Structure formats: structure tokens, C-alpha cells
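Survey of secondary and tertiary structure
Residue strings, one per chain:
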Amino acid sequence: MLRQATRLCTHFPVRSCTRSYLSERKKFYQDVSISQGEGGLFEVSLDRRKLKTPGGKLFAVASEPLAIAVATEWDSQKDTLKFYTMHLTTLCNTAIDNPTQRNKEQIITAALKYLETDTVCYRVEEPQGLVELQKNEWDPVIQWIEKRYDVEIGSSSSIAGPTIPQRTRDTFSQHLASYGFWALTGLEFVITQLKSVVLPFALIDRHLTVEKAVLLSRLEEEYQIQRWGSVEWAHDYDCQELRSRTAAGTLFVHLCSEASTIKRKLLQG
Amino acid sequence: MASVGCPLRVCRGILKELRAQCGHKYQESMAYTFVMEQFRKNQVTSEKLCRAQQELLHQAATYLCLLRSTRMHLALHEEYHGKGESKPEDVAKLVGLRLPQQPGGKGWEN
């Protein structure tokens, strides 16, 4: 896998092993451009060489803004390529290559598993300050999603978590199934990052900003920071990383679902 | 709908991040052209709630958050994790401690 990576200049093994995730390669190109290729898909070129995915496929996306954002990620690399900062590129690669070889149903099942252990549904019984904070911050989001999707979620302080009714699962499953494969890949990414199904739904529906969703996901940690102080190399580091991943996932879902709407309209016409 | 601030501030925020990323030539970048075009196209003069504009503003704020947090994460990464394994003195300093000094040496040096 690694040998193949060095052979293909535009190919990086993001998901092959941990070391390559942190490895940095020298920047080997000057100009980054995008062009519209076969089937109206947008491709990214590095010095006239077309960008490829780790799986060796041609890198092509349906959305022009997404292609521009990916090109900007490559363009902003300085002397070495820092793949761990290129979240949109990574998400596109995952959607194109589908390294885990899963279909839509399998992704939906995997994503909905997070509903059983949703961050915002698990409550503490002490300390009192945190109990109140969780109630004040998380309850409005749960109320919002229950009203918006006409479902029942609730919260619990037991170790087993709340019992989610089957109807709630079915509703979310249907909503997830209405997304295309690309958008679903992004949505599952956000769900796994925030360890919640409720927060990403609120984020995609533009009910929350990324900063707020990340804050809600890290509520207990924020409480501890307020009490004991913030440590830059641990707390801020994690917070910024989670923010950038969540923002990338959210943007990816929005851009990919927009592109599919345009396609549908064209087909109807 | 989440409140994300005024469009002008978001737009200037994105441009600031692009300048930090791409250097002084940022005005020639594709992202600059695209962002400016989007913001100009979607200006509304009235105070009426325009859903499409609100959606776009949320997207712009998300992009701003992506650019800003990626830059800050990278800065923290380079500061604390980018230099390989740290020396015991540096690790101790990180948590506000100093390694003990032994004036007469530790006994095993030649």
C-alpha cells in the first residue's frame, strides 16, 4: 500500500495506517486548478496532473464549490503536505473509494447505533452544577428535534441510557435514507465525531452553528475546564480539531446534497 | 435558525483566513473569487427574512469555522506535537514543573 502511494504522486493512504496519517510529504506541485470533466464532474489538477484518490481512482466531485474548497486545501499547503489538515479531501476520497465497502443501509445502521448512546441523552446525577448545565443546554436541543421530526427521544441518567422507541429509529432511518451516498458519508462522519445523532441533525438543519454543536458535544469537558482551567495542548487542541472535522463534515453534507438537488431538477426538465 | 452574525463579518473572516493561508496572492485564488461572487450575488436590501440567504450564511459561517479551526489546530499541533519526542525538561515545563537539580552530580557521571 505504501509502495503504491509513493508511485502515484497524487495518492495518499489516509486510512491505511496510523503512521501515514501523520506523515508529511514534500509539496511537489505549484499550481492547483479545477476543470469540468466527463459527466459534468469537477476534477482537481496539480500542475496539469489530475488528482487521484488513495484507491487510484480519478478524483471527481459533482459540486463546484466542493471542488474549489478541495483545491484551496491543496493550494494552501506550504512546504510539506499535511494531510491531517485536509478534511474535505479526505471525505471526498472516502466517498469515492468507499474503503470499508459498505452500502447505504450499512452506513445508516452504523450511524443509528449512536442514537442508543447519544451524548445529549446521557445525564449525570452529580455534581449539581453539571446536572443543571446539561439540563439547560441539552434539553432545548432534544425538545427541538422531538418537535421537528415528531419523535420521542428523552434522556436518562442510568448506565443503560434511555430507551429509544422503534418508531424514532424508523423515522431517523428514513430521513438518513433520503440522503445520497456522499452526503450520508459526511453525515456519518459528523455523527461519529460528535458522538451524537441529535446534534448533527440540528447542525444539518442549520438549527445550530458548528461552534455551538461542538460545545454541546464537549459539555462535560467544558464544565471541567471552567472549574479546573484550560490546558492548551490538550483541551484547545482537541476542541479545534473537533471543530474543524465537524465543520468539514457539515459543509460536505450541505454541498453534496445541493448538488443532488440540481441534478434531480435537470432530470425532470 | 442558528444565529451566525452579520454577513459582512463572516465574509471578512473568510477573506482573512484565505489571506493567512495563501499569502498576499490570495485575491487571485479560486476561493476568493467564488466567495466574493456568492456574497455579492446574495445581498438583499430589505430586512425581510430570506431563507436562501440565511442558508448560505450558515454555510459561509461553517466554512469560516473550518478555515479558522484548521489553522489554529495546525498551530497547536506544530507547537506541541510537531517536533517529535520532547525532552524530559520540556515535558516537565509543560505542566509547570522543573527537574530536580543535584549540585554534586547524580553519581553516575564520569
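Preceding this section is the structure that the text describes.
Figured I'd write up the structure that's included with this text. Fair warning: this is a prediction, and the values are worked out from it, not measured in the lab. (Residues numbered from 1 in each chain as written. Chains lettered and ligands numbered in written order. Predicted model: local features only at pLDDT ≥ 70, side-chain atom pairs only at ≥ 80, totals over all residues. Heavy atoms only, no water.)

1. Some points on the overall build of chain A
In terms of helices and strands, chain A carries twelve helices and six strands. Scored against the burial criterion, the 269 residues of chain A give a buried share of 49%. In chain A, once contacts between residues fewer than 6 apart in sequence are set aside, the share between residues at least 24 apart is 60%. Split by element, the accessible area of chain A, about 13300 Å² in all, is 50% carbon and sulfur. (Helix = DSSP H or I, 4+ residues; strand = E, 2+ residues; numbered from the N terminus. Buried < 20%, exposed > 50% of the residue type's maximum accessible area, 1.4 Å probe, protein only. Contact = heavy atoms within 4.5 Å. Areas by Shrake-Rupley, 256 points an atom, 1.4 Å probe, with all protein chains shown as cover.)

2. Notes on the packing of aromatic side chains
All names here are of chain A. The tally for this structure, following the rule as stated, stands at eight aromatic pairs over all chains. Taken together, the ring pairs in this structure connect Phe28, Tyr29, Trp74 and Phe83 into an aromatic cluster. The ring centre of Tyr149 lies 4.6 Å from the NZ or CZ of Arg148, which sits over that ring. (Phe/Tyr/Trp six-rings, centres within 6.5 Å; stacked < 30°, edge-to-face > 60°. Lys NZ or Arg CZ within 6 Å of the ring centre and 35° of its normal.)

3. A closer look at the interface of chain B and chain A
Opposite the 29 residues of chain B that make contact, chain A presents 38 residues. By the criterion of area lost to chain A, the three top residues of chain B are Met30(B), Gln59(B) and His73(B), representing 20% of everything that side buries. At the junction of chain B with chain A, the criterion picks out two salt bridges. One salt bridge connects Lys82(A) with Glu78(B), and the closest N-O pair in it is separated by 3.7 Å. For the pair chain B and chain A, the interface holds six residue pairs in polar contact (both at pLDDT 80 or more). Examining the composition of the side of chain B that touches chain A, we find that 16 residues originate from one element, helix α3 (residues 51-80) of chain B, more than from any other. Split into classes, the residues belonging to the side of chain B that touches chain A amount to 17 nonpolar, ten polar and two charged. (Buried area = accessible area lost by both parts, 1.4 Å probe. Salt bridge = Lys/Arg side-chain N within 4 Å of Asp/Glu carboxyl O. Polar contact = N/O pair within 3.5 Å; in protein donor to acceptor, adjacent residues only side chain to side chain. Nonpolar A, V, L, I, M, F, W, Y, C, P; charged D, E, K, R; others polar.)

4. Here we look at the pairing of strand β2 (residues 32-36) of chain A
All names here are of chain A. In this sheet, strand β3 (residues 42-46) lies alongside β2 in antiparallel orientation, the contact comprising five bridges. Within β3, the residue paired with Ser33 across the bridge is Ser45. Taking the residues between adjacent antiparallel strands as the criterion, β2 and β3 are bridged by five residues, where Gly39 takes a positive phi near 70°. (Pairing = 2+ DSSP bridges.)

5. As for the packing of helix α5 (residues 104-116) of chain A against helix α7 (residues 166-177) of chain A
All names here are of chain A. Running from N to C, α5 and α7 point in directions that differ by 135°, and their axes come no closer than 10 Å. The pairing of α5 with α7 is recorded here as oblique in orientation. In this structure, α5 meets α7 at a crossing whose hand is right-handed. Contact residues: α5 offers Lys104, Ile108, Ala111, Leu112, Leu115 and Glu116, while α7 offers Thr168, Arg169, Phe172, Ser173, Leu176 and Ala177. Across the contact of α5 with α7, the residue classes break down as seven nonpolar, two polar and three charged. (Axes fitted to C-alpha atoms, helices over the stretch in contact; angles between N-to-C directions. Parallel < 35°, antiparallel > 145°, perpendicular 65-115°, else oblique. Left-handed = near helix turned anticlockwise from the far one by under 90°.)

6. Some words on helix α1 (residues 7-22) of chain B
With 16 residues, α1(B) ought to run about 22 Å at 1.5 Å a step, and its terminal C-alpha atoms sit 22 Å apart, in line with that. Where α1(B) ends, the next residue or the one after it, Gly23(B), has phi of about 80°, a positive value. (Expected span 1.5 Å × (residues − 1).)

7. So, empty space enclosed by the protein
Per the counting criterion, the structure on display carries one cavity of 30 Å³ or more. Roughly 40 Å³ of internal volume is contained in the largest cavity. Around the largest cavity, the lining residues are Ala71(A), Thr72(A), Asp75(A), Leu18(B), Cys22(B), Ser29(B), Met30(B) and Ala31(B). Listing elements by their share of the lining of the largest cavity, those giving two or more residues are α3 (64-75) of chain A together with α1 and α2 (30-41) of chain B. For the lining of the largest cavity, the element with the highest residue contribution is α3(A), accounting for three residues. Here the lining of the largest cavity is composed, by residue class, of five nonpolar, two polar and one charged. (1 Å grid on protein atoms, 1.4 Å probe; cavity = no way out; pocket = protein on both sides within 12 Å on 5 of 7 lines; lining within 4 Å. Points joined across faces, edges and corners; volume = space filled by probe spheres on them.)

8. Details of helix α8 (residues 181-194) of chain A
Helical geometry: 3.6 residues make up each α-helical turn, so side chains three or four residues apart lie on a common side. Residue and element names in this part refer to chain A. With 14 residues, α8 extends 20 Å between its outermost C-alpha atoms, agreeing within 8% with the 20 Å of an ideal straight helix rising 1.5 Å per residue. Most of α8 is tucked away: eleven of the 14 residues are buried. All buried positions along α8 are accounted for by Ala183, Leu184, Thr185, Gly186, Leu187, Glu188, Phe189, Val190, Ile191, Gln193 and Leu194. Phi turns positive one or two residues past the end of α8, at Lys195, with a value near 55°.

Any functional reading would require information beyond the geometric quantities listed.
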